[in-house]
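# Per-entry structural report
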Amino acid sequence: MNAKSLKVIAFDADDTLFVNEPYFQETEQKFCALMSDYLSQQGLSQELFKTEIANLSLYGYGIKGYILSMIEAAMKISNNTISIEIVEKIIEYGKELLQKPIELLDGVEDTLKALEGKYKLIVATKGDLKDQQRKLHDSGLGSYFHHIEVMADKQEINYQKLLKRLEIEPHEFFMIGNSLKSDVLPVLAIGGFAVHIPFHTTWEHEKINHKVEHPNFKTLEKITDVLDLL
């Protein structure tokens, strides 16, 4: 992996810089407990996931869309018989999710400190703009980044638009993230470099079922291992 041409290093935010998915899983468990009179936990999880995916094109990624999907799933599951108290409870779960404390992952700040000044560092993440800005502000990491891009999606076209705004070529771009589907495959496809740092839990929608092999790609155990590549 020859990364000598790099100018910009991009970091995914959720589950790359700080904890995210476990909070969603915790909220899903609360939702399943709330709706346990209607279906099994597995059945409830499946219905919620199906609703989330169907709504992505409308709401995009993030907590606010997730709240709406929980309410919609609850209505479907109950055949429109849920009480207003259940709707209020779901909104409460969503607000709790929006106010979760920021838990930095090990080695993140050390890595950013070591790279600062040597490369242009940016955040390239999906989700709700206001929520991602809050998390980066509360994390104390904001000052390390030259640019924060909250993307509608992470397809090849989204990365191409990002590179155009940054005025760089694909071989000058290096993406670090926990999702092979969103952070790695589209970046490799346009000619960039990518590193996968697995997180212990991954949203079902972000999983792929094949191995990735590419000269511009590495899987690393922890974020500080990036420093050995550069």
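Our subject is the structure that appears above.
As a starting point, this report considers the structure included with it.

Calculation criteria
Residues numbered from 1 in each chain as written. Predicted model: local features only at pLDDT ≥ 70, side-chain atom pairs only at ≥ 80, totals over all residues. Heavy atoms only, no water. Buried < 20%, exposed > 50% of the residue type's maximum accessible area, 1.4 Å probe, protein only. Helix = DSSP H or I, 4+ residues; strand = E, 2+ residues; numbered from the N terminus. Pairing = 2+ DSSP bridges. Right-handed = clockwise from strand over helix to strand, strands pointing away. Axes fitted to C-alpha atoms, helices over the stretch in contact; angles between N-to-C directions. Contact = heavy atoms within 4.5 Å.

## Quick notes on the pairing of strand β1 (residues 8–11)
Burial along β1 is two-sided: Val8 and Ala10 facing one way and Ile9 and Phe11 facing the other are all buried. Of the pairings in the sheet, the one linking β1 to strand β2 (residues 120–126) comprises four bridges and is parallel in character. Across the sheet, Ile9 pairs through a bridge with Leu121, a residue of β2. Pairing between β1 and strand β4 (residues 173–177): four bridges, direction parallel. Of the residues in β4, the one forming a bridge with Val8 is Phe173.

## Quick notes on the pairing of β4
Burial within β4 is extensive, with five of its five residues counted as buried. Of the two faces of β4, the one lined by Phe173, Met175 and Gly177 and the one lined by Phe174 and Ile176 are each fully buried. Alignment of β4 against strand β5 (residues 193–196), held across four bridges, turns out to be parallel. The partner of Phe174 across the bridge, within β5, is Phe193. Handedness of the β4-helix α8 (residues 180–189)-β5 crossover: right-handed.

## A few points about the sheet that holds strand β6 (residues 217–219)
Taken together, the six strands give an open sheet; going across it, the order is β3-β2-β1-β4-β5-β6, and neighbouring strands pair in parallel fashion. Each edge of the sheet is formed by a strand with only one pairing partner; in this case those strands are β3 (147–151) and β6. Adjacent strand axes in the sheet meet at a mean angle of 20° when their direction is disregarded. In the packing of helix α7 (residues 156–166) onto the sheet, contacts are made with β1, β2, β3 and β4, and the angle to β3 comes to roughly 155°.

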